[in-house]
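The residues making up each chain are set out below.
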Amino acid sequence: MLLNVRPLYARATLVVAGVLICSALVFIAHGLFHTRASGIGPLSFATLLGQLRSQPPSRLIIPKIQVNAPVESIGLTAAGALGVPVKPRDAAWSSAGPLPGAPGVAIITGHFGWKEDVPAVFDDLHTLQIGDRIYLENSIGITTTFVVRAVRSYGEHDSTTGLFISDDGQAHLSLITCDGDWNALEKSYSRRLVVFADKE
């Protein structure tokens, strides 16, 4: 069970990522040619770049903790909580929020302390420090870089109002996982760990 964020998404409409690789440049060139040939007129570079970046994240890379994981796209649960990835070594992007690199706070969740000592993607998330870099790559290879600003732990019932809302027009990222002690009866950890990062 992760942080319940239903009130956060209800309060505001979240605005729904930057290194171009060769394939992206080829795509841009193809787009320009295609629009001219079809008579629609050439699309601006900014428009095409926006289309390229408006793809969901497909891979999360955190060199500091040796994470190189696929990213699933998952919405909120029926109870309004953040969804979590199906596999322990995968991460999950909350599709209820903005894309990584777009204005607002993009949210990535991942597991910690998987059963039978199976390694989980965020087992070492707590070791990240201010200044560490996080990379999110989308399905066509465009990578957005974020820099860690803070690492904080919250009790399971602590208020998280406002943590995942930003109106400064900048792109932010929050990585969320479990923390603390395991409660076998409730099948939940006692705390939640959040890594706050800003687009480089």
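Model, not experiment: these values are computed from the prediction.

Procedures and definitions
- Residues numbered from 1 in each chain as written.
- Predicted model: local features only at pLDDT ≥ 70, side-chain atom pairs only at ≥ 80, totals over all residues.
- Heavy atoms only, no water.
- Buried < 20%, exposed > 50% of the residue type's maximum accessible area, 1.4 Å probe, protein only.
- Helix = DSSP H or I, 4+ residues; strand = E, 2+ residues; numbered from the N terminus.
- Pairing = 2+ DSSP bridges.
- Core = buried A, V, L, I, M, F, W, Y, C linked by side-chain atoms within 4.5 Å.
- Contact = heavy atoms within 4.5 Å.

1. Some thoughts on the pairing of strand β4 (residues 104-110)
A large share of β4 lies buried, amounting to seven of its seven residues. Bridging between strand β3 (residues 91-94) and β4 involves three bridges; their strand directions are antiparallel. Counted as the bridge partner of A92 is T109 from β4. One ladder, built from six bridges, connects β4 with strand β7 (residues 171-183); its direction is parallel. Note that in β7 the partner of I107 across the bridge is S174.

2. A look at the nonpolar core
In summary, soluble globular proteins display a tendency toward joint burial of nonpolar side chains. Counting residues in each nonpolar core, the largest one holds 24 residues, and the members touching the most others are L60, I62, I108, L125, I134, L173 and L175. Elements with a contribution of two residues or more to this core: β1 (57-62), β2 (67-74), β3, β4, β5 (133-138), β6 (143-155), β7 and β8 (188-199). Residue contacts for L60: discarding those within four places in its chain leaves V67, N68, A69, V71, A91, I108, F122, I134, Y135 and L136. In this structure, I107, I176, V194 and F196 belong to the second largest nonpolar core, which totals nine residues.

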